[in-house]
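Okay, here's what each chain looks like letter by letter:
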Amino acid sequence: MYPFIRMAKELVINRKASRLAPTGTHVSRHMCLPWDIDLWAELNNGRTLTIYDLGRIPLAQRTGLIGVLRRQRWGLTVAGVSVRYRRRIRMFDVVEMRSRLVGWDERFIYLDQSMWRKDGACANQSLYRTAVTGPDGIVPPAQVAAALGTNPTSPPLPDWIRAWIAAEDQRPWPPKQD
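On a predicted model such as this, the values are computed, not experimentally measured, just so you know.

1. Focus on helix α1 (residues 4-14)
Note that an α-helix has 3.6 residues per turn; residues three or four places apart therefore point the same way.
So, point 1. Restricting attention to buried positions, one finds in α1 the residues R6, M7, E10 and N14. Projected down its long axis, α1 carries its buried residues within an arc of 100°, all on one side. Away from the buried face of α1 by more than 90 degrees, exposed residues F4 and I5 are located.
So, point 2. In this structure, the buried side of α1 is in contact with β1 (25-31) and α2 (45-63).

What follows is the structure, encoded as structure tokens:
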């Protein structure tokens, strides 16, 4: 089940938090609860993606994006994600999540999120490709940036993100059936 109560808690906690620049980093803390674990008593890989919502949505709130989405009647969607899992997160471990917008291209917005354990080790990291949607489909990120009152030109995307974009462009869609 989606963690509605945890999301509501994050939105309430952050409703009066200082405003972030569009590329600012939102830091939050989360505990791995019994319903987040898999058969090996560690954070389930699918649940990790859901918990990342608990950082992305407050990030959107603190940057002013949620207000823009409401005013424009736009939506927000995930168009792709790549995750690296490197360290275990066990039940009742508390992690620090760092969420930030890195930049955008003509269609998509790229977000970097990571979870850090108490011992300072990065447990996992995700790169999200997201999009703002309107009645006519994807809203160009430059238009979204302008609606936020920020420069419509993206900061330069790091090489590793550009390489991921290029790799995704090579991937067949729809998938080929054997």
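2. Some thoughts on unusual backbone geometry
So, point 1. Residue P174 is bonded to the preceding W173 through a cis peptide linkage, with omega at -5°.
So, point 2. Assignment of secondary structure puts P174 in the segment after α5 (159-170).
So, point 3. Phi angles above zero are rare outside glycine, and F92 is one such case at about 75°.
So, point 4. Tracing the sequence through the fold places F92 in the loop between β2 (75-85) and β3 (94-104).
So, point 5. The exposure class of F92 is partly exposed, given its relative accessible area of 48%.

3. Focus on the packing of aromatic side chains
So, point 1. Throughout the structure, instances matching the rule amount to three aromatic pairs.
So, point 2. Sitting above the plane of the Y128 ring, R56 keeps its charged end 3.9 Å from the centroid.
So, point 3. Stacked on the ring of F108, the Lys or Arg R129 has its end atom at 4.6 Å from the ring centre.

About the criteria used
- Residues numbered from 1 in each chain as written.
- Predicted model: local features only at pLDDT ≥ 70, side-chain atom pairs only at ≥ 80, totals over all residues.
- Heavy atoms only, no water.
- Buried < 20%, exposed > 50% of the residue type's maximum accessible area, 1.4 Å probe, protein only.
- Helix = DSSP H or I, 4+ residues; strand = E, 2+ residues; numbered from the N terminus.
- Arc of directions from axis to C-beta.
- Contact = heavy atoms within 4.5 Å.
- Phe/Tyr/Trp six-rings, centres within 6.5 Å; stacked < 30°, edge-to-face > 60°.
- Lys NZ or Arg CZ within 6 Å of the ring centre and 35° of its normal.

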